[in-house]
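Residue-level structural notes
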Amino acid sequence: MFFFDVHTHKRSSSKNIFSIENKYPNATDFTKPFSIGIHPWFIKPENVEKELLIIEKKLKEDNCFAIGECGLDKITETDFELQKEVFKKQVELSEKYQKPLIIHCVKAYQELIEIKKELKPKQVWILHGFNKNYQVAESLLKNGIILSFGTAIIKNKKLQEVVSKVAISSILLETDNDLNIDVKEVYQKISEIKKITVEELQQKIKQNFKSIFKK
Ligand SMILES: [Zn+2]
């Protein structure tokens, strides 16, 4: 059975890992399952229009599983209003092409939830690399946002406590840009926290994956 890694910046050589590779609009290799989006760190006003067209074209491809990562980041220098605008355009594309959204969010959870309430999207929103407290987790979950946990779970005790309280039906797993840790180690840790076998966890994450990505 596959180990699903829903957000990674590397290519896995392992046959039983199924990854969604993160791509930016300037990428050239789209041979493996991917997501594509404009990351808030890399928004260049003069490129947005062109990049949205590239994304729209790529969203029609079979290998495209999601739009993203895209989102909101209060720490980066990119103008926040511009971030919101570019994010909303990507939400529109997610709805038009019926593909889930993979979200990067730093210190802007409330704004993210407000946009979700305003736009009322039908597609699934996945908050990638979740590493905040249970209160934040709860408000995202209450608003129907799926949480994707990454390699931070292996050592972060507070995050382990958060995961212990979140229903497995609301989570996905990933490695993001951690080049040294395999998603199997993330599965291992979560299965320990949830007191189930790795195989049982694989079964449940597979169900989540299939229902979210419709693949
Ligand atoms: Zn990433």
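Residues numbered from 1 in each chain as written. Predicted model: local features only at pLDDT ≥ 70, side-chain atom pairs only at ≥ 80, totals over all residues. Heavy atoms only, no water.

1. Some words on the packing of helix α2 (residues 80-96) against helix α3 (residues 109-119)
Helix-helix packing is described using two parameters, namely the angle between the two axes and the distance between the axes. Heads up, the rule is: Note on geometry: axes are lines fitted to C-alpha atoms, helical ones only across the stretch in contact, with angles between N-to-C directions running from 0 to 180 degrees. Put simply, DSSP H or I for four residues or longer makes a helix, DSSP E for two residues or longer makes a strand, and each gets a number counted from the N terminus. In these notes the angle categories are as follows: under 35 degrees is roughly parallel, over 145 is roughly antiparallel, 65 to 115 is roughly perpendicular, and the rest is oblique. A clockwise turn of the near helix away from the far one marks a right-handed crossing, whereas an anticlockwise turn of less than a right angle marks a left-handed crossing. By definition, residues are in contact when any of their heavy atoms lie within 4.5 Å. Residue classes follow a fixed rule: Ala, Val, Leu, Ile, Met, Phe, Trp, Tyr, Cys and Pro count as nonpolar, while Asp, Glu, Lys and Arg count as charged, and any other residue, Gly among them, counts as polar.
As a packed pair, α2 and α3 sit with axes 12 Å apart at the nearest point and diverge in direction by 45°. One finds that α2 runs oblique with respect to α3. Our pair here, α2 against α3, has a crossing hand that is right-handed. Contacts between α2 and α3 involve Phe-80, Lys-84, Phe-87, Lys-88 and Val-91 from the former and Glu-111, Leu-112, Ile-115, Glu-118 and Leu-119 from the latter. Its residues placed into classes, the contact of α2 with α3 shows 6 nonpolar, no polar and 4 charged.

2. As for the pattern of salt bridges
To keep things clear, this is the line we draw: Should a side-chain nitrogen of Lys or Arg be within 4 Å of a carboxyl oxygen of Asp or Glu, the pair is scored as a salt bridge. The buried label goes to any residue with under 20% of its type's maximum accessible area, the exposed label to any with over 50%, and the partly exposed label to all in between, with areas taken from a 1.4 Å probe on protein chains only.
Under the defined criterion, the tally for this structure stands at 10 salt bridges. Where Lys-74 meets Glu-111, a salt bridge forms, and the shortest distance between an N and an O atom there is 2.4 Å. A residue pair is termed long-range when its members are at least 10 positions apart, and Lys-74 in the loop between β4 (64-73) and α2 and Glu-111 in helix α3 qualify at 37 residues. Judged by its relative accessible area of 19%, Glu-111 falls in the buried class. Measuring nitrogen to oxygen at the nearest pair gives 3.5 Å for the salt bridge that ties Glu-81 to Lys-84. With Glu-81 and Lys-84 both in helix α2 and 3 residues apart, the pair spans about one turn of that helix.

3. Examining helix α6 (residues 183-194)
To be explicit about the condition: Helices are assigned an expected span. That span is 1.5 Å times one less than the residue count.
Taking 1.5 Å of rise per residue, 12 residues should cover 16 Å, and α6 covers 16 Å from first to last C-alpha, within 8% of that figure. Against β1 (3-8), β2 (17-23), β7 (145-149), α5 (157-165), β8 (171-173) and α7 (198-213) lie the buried residues of α6. One or two positions beyond α6, positive phi appears at Lys-195, with a value near 55°.

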